[in-house]
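# Inside the fold
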Amino acid sequence: MPLTSPRALAGHGALALALLLASQASVALAQVPATAATPGCEVCAAWNADQAPFRIFGNTYYVGVKGLSSVLVTSPQGHVLIDGGLPESAQKIIANIAALGFRIEDVKLILNSHGHIDHAGGLAELQRRSNALVAASPSAALDLASGEVGPDDPQYHALPKYPPVKDMRLARDGSHFDVGPVNLTAHATPGHTPGGLSWTWQSCDGPRCLNMVYADSLNAVSRPGFKFSASSEYPQALADLRHSFETLEKLPCDVLISAHPEASQLWQRLEASATAGSEAFVDLQACRAYVAAARTLLEARLEQEKQQ
């Protein structure tokens, strides 16, 4: 079945485009070979549920699964993919890219938020299929190279292993990565993991350009016994989280996509886009609201730790 590029449908409205993409995604996903589910992960099947791809704004598209974000930023010179979901997510991401009229082989750069299996598990397969460069923070690169997080991670030994990534470049706070006219900037946002990164770029629709933010997880989640307030393995965990809150609050932020899409109300925004179009994804307060929710959870976690 031939796939029609969204660019050819620009005059037919957001709803028609959404219906076409959903139809194409259903066909593409029906052809995806079954991949074994991640063992030892009760929530992974729900995270990996099918999700039709859709345009967020300009050249930025959602190509992830239902519970784990993957974002495609396109250009005539090649594309950028952010995050790879679980190992079993990779084939669905590839199918979603194809449903939009693009090719995994044209992805030149894959960026990572952090080294947990639910965001890095599919990277090895996505890199194999695309031959793209993978960029990660120095800490996350160690996780990706071994397929598991290190002892300084709050979820050390609480997460399954995943296929390791063999060829990477390091991304540090303020690092810039270019593919054609697309320029993405790394922002260190550790705390959830020691090596967390968030990413920013601009996407344009005609003369209008917006500041896009892909925000890493900021929730204080850990293995049993770990304390964000007092950890010998990761002593700066609490300070890192609080610094990351400040970083994200200050970023120019017109459109927010979080590593777990529900944390930034992506599904409510997608539903609203049926009538409002891409404007439904624009929220200048979204990054501040995202941080406020994470800060509230952290304070509740610290109160719990006082009782331990």
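On to the overall build of the chain. Each helix and strand in the chain was counted, giving nine helices and 12 strands. For the chain, with 308 residues in total, the buried portion stands at 56%. Within the chain, residue pairs in contact and separated by at least 24 positions form 67% of the contacts whose partners lie at least 6 positions apart.

Evaluated as defined, the whole model comprises three disulfides. Each disulfide pairs two cysteine sulfurs, and for Cys41 the partner residue is Cys44, the sulfurs being separated by 1.9 Å. Measuring handedness by torsion sign, the sulfur bridge of Cys41 and Cys44 sits at about 85° and is right-handed. The exposure class assigned to Cys41 is buried, which follows from its relative accessible area of 19%. In the chain, the cysteines engaged in disulfides, taken in order along the sequence, are linked 1-2, 3-4, 5-6.

What follows covers the sheet that holds strand 12 (residues 255–258). The strand order 8-9-10-11-12 describes an open sheet built from five strands, whose pairing is mixed. Strand pairing shows two members of the sheet lacking a second neighbour, strand 8 (176–179) and strand 12, which therefore form its edges. The sheet shows a mean angle of 25° between the axes of neighbouring strands, taken without regard to direction. Contacting strand 9 (182–188), strand 10 (197–205) and strand 11 (208–215), helix 7 (residues 237–250) crosses the sheet at an angle of about 150° to strand 9. Contacting strand 11 and strand 12, helix 9 (residues 286–306) crosses the sheet at an angle of about 35° to strand 12.

Approximately 500 Å³ is the volume found for the second largest pocket. Considering the residues around the second largest pocket, the lining is formed by 25 residues, among which Trp47, His192, Asn219, Val221 and His260 are closest to the centre. For the lining of the second largest pocket, the elements supplying multiple residues, two or more each, are helix 4 (117–120) and helix 9. With four residues, helix 9 is the largest single contributor of residues to the lining of the second largest pocket. Considering only residue class, the lining of the second largest pocket consists of 14 nonpolar, nine polar and two charged.

Put simply, side chains in a regular strand alternate between the two faces of the sheet. Residues Val255 and Ile257 line one face of strand 12 and the alternating positions Leu256 and Ser258 line the opposite face, and both faces are buried. Sheet analysis places strand 11 next to strand 12, joined by four bridges and oriented parallel. If you follow Val213 over to strand 12, its bridge partner there is Leu256. Regarding the hand of the β-α-β motif, the stretch spanning strand 11, helix 7 and strand 12 is right-handed.

This brings us to the sheet that holds strand 6 (residues 133–136). Spatially, 1-2-3-4-5-6-7 is the arrangement adopted by the seven strands of the open sheet, whose pairing is mixed. Two strands in the sheet have a free side with no partner beyond their single neighbour: strand 1 (54–57) and strand 7 (168–170). Geometrically, the sheet is characterised by an average inter-axis angle of 30° between neighbouring strands, direction not taken into account. Here strand 5 (residues 107–111) pairs with strand 6 via three bridges, running parallel. Its bridge partner lying in strand 6, Ile110 is registered against Val134. Docked against the sheet, helix 5 (residues 123–130) engages strand 4 (79–82), strand 5 and strand 6, running at close to 165° with respect to strand 5.

If you check the backbone angles, Asn131 has positive phi at about 60° while not being a glycine. Tracing the backbone shows Asn131 in the loop between helix 5 and strand 6. A residue is classified by how much of its surface remains accessible, and Asn131, at 71% relative accessible area, is exposed.

Note on placement: His119 falls in helix 4. For His119, a relative accessible area of 0% translates into the label buried. Not counting residues up to four positions away in its chain, the partners in contact with His119 are Leu68, Asp83, Gly84, Gly85, Asn112, Ser113, His114, Ser217, Ala259 and His260.

About the cut-offs
- Residues numbered from 1 in each chain as written.
- Predicted model: local features only at pLDDT ≥ 70, side-chain atom pairs only at ≥ 80, totals over all residues.
- Heavy atoms only, no water.
- Helix = DSSP H or I, 4+ residues; strand = E, 2+ residues; numbered from the N terminus.
- Buried < 20%, exposed > 50% of the residue type's maximum accessible area, 1.4 Å probe, protein only.
- Contact = heavy atoms within 4.5 Å.
- Disulfide = S-S within 2.5 Å.
- Pairing = 2+ DSSP bridges.
- Axes fitted to C-alpha atoms, helices over the stretch in contact; angles between N-to-C directions.
- 1 Å grid on protein atoms, 1.4 Å probe; cavity = no way out; pocket = protein on both sides within 12 Å on 5 of 7 lines; lining within 4 Å.
- Points joined across faces, edges and corners; volume = space filled by probe spheres on them.
- Nonpolar A, V, L, I, M, F, W, Y, C, P; charged D, E, K, R; others polar.
- Right-handed = clockwise from strand over helix to strand, strands pointing away.

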